[in-house]
Amino acid sequence: MTALENRQKLNIGMIGLDTSHVLAFMKLLHDKEDPWHVPGGKVVAAYPGGSPDFPSSITKIPGYTATLRDEYGVRIVDSPEEVAEASDAVLLHSVDGRVHLSQFHRIAGYGKPVFIDKPFAVSSADAREMVRLAEAHRVPLMSASSLRYVKALQDAIEGGGKSPIIGADACGPMALEPTQPGLFWYGIHTVEMLYAVMGKGCVQVTSVTSNDHDVTTGLWSDGRIGVIRGNRTGNGSFGVAIHREKGIEWVHAQSDPKPKYASLLEIIMEMFRTGASPLPASETLEVIRFIEAANESRKTGQSVNLAVGRAGDAR
């Protein structure tokens, strides 16, 4: 049993007060009257952060900072290091994936468990360096979209019996954000749902894009095929069609009354307590490489091999 498992309530730090996830997690952790309250931790310190060239980031900082300070009594500090010093574990929520490596680099040496919000990184190079830092400092590390752990999807995956999964089609809204290239912004949600079903092992991706839609097809090493569809017009529903040897199951990813953030936070808190991430780093790295390759294919119209990373060289 780890030292953190012995703690009745963990002191949690937040880095990056520029996403709605901040307030969602705060309520789930602190409001005992919430029907989906996640016990075991309280946020004690936070560093606002923010990216001046990213309107969706910088405009949220003042309001979210005031809410944490004035309504929840969180101590607002001047650096990521101060957050790590004050905390047993860290939620790195910064909405801008470009800053995750620099922020994680500043706190990795403290050895505290860290959850990094999506996107983990916006390049494979950054992602690999973060994993290297985590391994060097023995930091329990996890990153995931909340859509990966929605109850309806997890129930479908676990309830399929012994009928093997032969493929999956995931869909969802896919707004574009210039600072978070291509699929790294909203497309990552559908990619994470696809990987929740398929697991790692993709070797090739091919993307087709228009003003209104994106479709990316992934070929797995065992011959299975997974597809994601991102919509910029029409419905904004998240869903997955799971193809098994014996039948197809359609999952509306947000059909269960349990909030997706509650499901994710339960997983995070377990990781904080035990020091064991439910996701291997190799899968997180592959998710980032999948998106990177899909973005390259969007630009070139050619297939991209995940291992080699050059358009047209997939075999």
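Check the entry above for the structure.
Everything numeric in this text was worked out from a predicted model, so none of it was measured.

Engineer: Looking at this structure, how should I read the overall build of the chain?
Structural biologist: Tallying secondary structure elements over the chain gives 11 helices and 13 strands in all. For the chain, whose C-alpha radius of gyration is 19 Å, the value lies close to the compact-globule estimate of 20 Å for 315 residues. Taking all 315 residues of the chain together, 54% fall into the buried category. Just so you have it, the chain exposes about 13,200 Å², and 51% of that area is on carbon and sulfur atoms. When the 32 basic and 36 acidic side-chain charges of the chain are each reduced to a single mean position, those positions are 2 Å apart.

Engineer: Explain the sheet that holds strand S1 (residues 10–15) here, please?
Structural biologist: Consider a sheet: its strands pair through backbone hydrogen bonds, and that pairing is either parallel or antiparallel. Pairing in this open sheet of 6 strands is parallel, and the strands run S3-S2-S1-S4-S5-S6 from one edge to the other. Across the chains shown, the open sheet's two edge strands, defined by having one partner strand only, are strand S3 (75–76) and strand S6 (141–143). Pairing analysis gives 4 bridges linking S1 to strand S4 (residues 89–92), with the strands arranged parallel. Paired with isoleucine 12 across the two strands is alanine 89, which belongs to S4.

Engineer: I would appreciate a short explanation of helix H9 (residues 187–198) in the present structure.
Structural biologist: Because each turn of an α-helix spans 3.6 residues, side chains separated by three or four positions end up pointing in the same direction. Taking 1.5 Å per residue, 12 residues should reach 16 Å; H9 reaches 17 Å between its end C-alpha atoms and fits that length. Burial analysis of H9 places 12 of its 12 residues in the buried class, the great majority of the element. When we look at burial in H9, the residues that qualify are Gly187, Ile188, His189, Thr190, Val191, Glu192, Met193, Leu194, Tyr195, Ala196, Val197 and Met198. Backbone geometry just after H9 places glycine 199 at a positive phi near 75°.

Engineer: How should I be thinking about the packing of aromatic side chains in this particular structure?
Structural biologist: Each aromatic ring pair is characterised by the separation of its centres together with the angle its planes make. All told, the structure shown has 6 aromatic pairs when counted by the stated rule. When the centroid spacing of 5.5 Å and the interplanar angle of 65° are considered together, the rings of phenylalanine 54 and tryptophan 185 count as edge-to-face. With a gap of 131 residues between them, phenylalanine 54 in the loop between strand S2 (41–47) and helix H3 (55–58) and tryptophan 185 in the loop between strand S7 (165–173) and H9 connect regions that are remote in the sequence. Side by side, phenylalanine 54 and tryptophan 185 carry an identical accessibility label, which is buried.

Rules and cut-offs
Residues numbered from 1 in each chain as written. Predicted model: local features only at pLDDT ≥ 70, side-chain atom pairs only at ≥ 80, totals over all residues. Heavy atoms only, no water. Helix = DSSP H or I, 4+ residues; strand = E, 2+ residues; numbered from the N terminus. Rg over C-alpha atoms; globule rule 2.2 N^0.38 Å. Buried < 20%, exposed > 50% of the residue type's maximum accessible area, 1.4 Å probe, protein only. Areas by Shrake-Rupley, 256 points an atom, 1.4 Å probe, with all protein chains shown as cover. Lys, Arg positive; Asp, Glu negative; His and termini not counted. Charge placed at Lys NZ, Arg CZ, Asp CG, Glu CD. Pairing = 2+ DSSP bridges. Expected span 1.5 Å × (residues − 1). Phe/Tyr/Trp six-rings, centres within 6.5 Å; stacked < 30°, edge-to-face > 60°.

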